[in-house]
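# Geometric and topological summary
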Amino acid sequence: MDADKLIEYIQYGGFVSSQLINLLLLYLLYFQASKNFGRYRVLMIVFSIFAMIYSLVMMCKGRSLCVCSNGPFTMYRSIGVPLLSIYCGSFGMCISLLALHFFYRYIAICKPEKLYYFEGKRIIFTLIPCFVIFVVWSLLVYFFMDVNEEKERIYHNILMKNYGLDSRKVAFISMLYKSRANGSVEEHWNTHDLIPFFSTCGIMSVCFNMIIFCGTQSLRQMKNSQIHMSERTKELNRQLLWTLGMQTLLPLITMYLPASCFIVLPIFGIELGVGANKTGAFLGMYPALDPLIAILLIKDFRNHVLGRKKASGRVSTAASGNKEKSAA
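- The name an unreviewed UniProt entry gives the chain is Serpentine receptor class r-10, with Caenorhabditis nigoni as the organism.
- Under Subcellular location (unreviewed entry), UniProt gives the following word-for-word description of the chain: "Cell projection, Cilium membrane".
- For the chain, the Sequence similarities (unreviewed entry) comment in UniProt is given as "Belongs to the nematode receptor-like protein str family."

## Some details on helix α4 (residues 122-144)
- For α4, which comprises 23 residues, the first-to-last C-alpha distance of 34 Å matches the rise-based estimate of 33 Å (1.5 Å per residue) to within 8%.
- Listed as buried for α4 are Ile-123, Thr-126, Leu-127, Cys-130, Ile-133, Trp-137, Ser-138, Leu-140 and Val-141.

## Here's the deal with the environment of Trp-242
- By secondary structure assignment, the location of Trp-242 is in helix α7 (residues 231-264).
- Trp-242 gets classed as exposed once you look at its relative accessible area, which sits at 52%.
- Note: C-alpha distance between Trp-242 and Ala-294 (52 residues apart in sequence) is 9.2 Å.

## Focus on the pattern of salt bridges
- Evaluation of the coordinates by the stated rule reveals four salt bridges.
- The closest approach of N and O atoms between Glu-152 and Arg-77, which form a salt bridge, is 3.0 Å. On the criterion of sequence distance, the pair formed by Glu-152 in helix α5 (residues 149-163) and Arg-77 in helix α3 (residues 77-110) is long-range, its members being 75 residues apart.
- Here Glu-152 falls in the buried class, since its relative accessible area comes to 16%.
- Arg-168 is the partner of Asp-166 in a salt bridge, and the nearest nitrogen-oxygen pair spans 3.2 Å.
- Given the relative accessible area of 53%, Arg-168 is considered exposed.

## Regarding the pairing of strand β2 (residues 64-69)
- With six of its six residues buried, β2 lies for the most part within the structure.
- Every second residue of β2 is oriented toward a common face, with Ser-64, Cys-66 and Cys-68 on one face and Leu-65, Val-67 and Ser-69 on the other, all of them buried.
- In the sheet, β2 pairs with strand β3 (residues 172-176) via five bridges, with the strands oriented antiparallel. Paired with Cys-68 across the two strands is Phe-172, which belongs to β3.

Criteria and cut-off values
Residues numbered from 1 in each chain as written. Predicted model: local features only at pLDDT ≥ 70, side-chain atom pairs only at ≥ 80, totals over all residues. Heavy atoms only, no water. UniProt positions renumbered as here; feature names shortened; annotations may be inferred. Helix = DSSP H or I, 4+ residues; strand = E, 2+ residues; numbered from the N terminus. Expected span 1.5 Å × (residues − 1). Buried < 20%, exposed > 50% of the residue type's maximum accessible area, 1.4 Å probe, protein only. Salt bridge = Lys/Arg side-chain N within 4 Å of Asp/Glu carboxyl O. Pairing = 2+ DSSP bridges.

Written as C-alpha cells, this is what we have:
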C-alpha cells in the first residue's frame, strides 16, 4: 500500500474513532463523574469536546516548511488557509488545556483554599488563557506564514510530483526561515517568518514548564499529605495524576516531538521532504488514543465500561489538613 494512502487512512480512522471514544468519555464524565470529580469534570469535558473538533499534507524543503490542505477546500485558498490556521491554533490550545489540567491538580492538592477559582462561572475565566493562545497562534500562522511567489516556486515541483497539486492554486501555509541567494539578492534570514517560529516555541516552553512545575509539586504534596487522606481519596488522586501524566506523555510522542522536529529541523537546513508528511499519521492517532487513557486508568470509568459494580461514597479531589474538602 502507498505510504501516503496509509497515512490518509490513519487520519480518517483516527477522526472517526475519536468521535466515538470521546462520546463515550463525555457520557462517563457527565453521568459517572458528577459527584466524584467536582469542577474538575468540567475541564475534562472541555478537553474531550476539543479532541472531537481537533487531513493535512506536510513537507520540508531547505530552510522552510509547508503545511498543505488535503480536503474539500484544497483548491480554495480563501477557505483553506483560514482553516489551516485554525487547525494549527488548536495545537497550541491542546498544550494550554493540558497545562490548565495540571494547574487545577496543583490547586486542589497544594492550595485547596483557592479552589474557588474554579467555582461556578469562575471556571470560564480559567479557560480564557487557553482561548487566547488559540487565537494568537492562529493569527500568527495566518498573517506570518502567508504564501508568496518564492514559496510557491520552492514547493511547485514537490507538490506537483508527489500530489499533483499546483502550488500557485492550492491552499497551503509555509515558513521560509532563510532565503537562498538569487541574482543580486544575497542569502538572508526572513524575520517575518521567524516571528511565528519563536512565538510558538515560547508558548510551548511556558506550557511545558507549567506542567512540570505543577506536576512535581502535586506529587510531592501528595506524598507528604497521604496520612491526612482516606484510602479512596488517595486512590482517586493517584488515578487522576496518572491519567494526566499519560495524557501528557501521549501527545509528547504523537504530537509535540514529531511537530517540533517538523518546525525546528528546517531552521538548521535539515530537509525532511515529503517524509515530513509522516507527522500527519501521528497527529491522526492522538485524538482517538487520548480519551482511552482516562477511560482505562480511572477506576470508576473502567468499571462502568466493563460492567463492574461501582463502590459507593463521595470522594474529595483535594487534601486540606486533617479534614478533606470537596473539590466541587
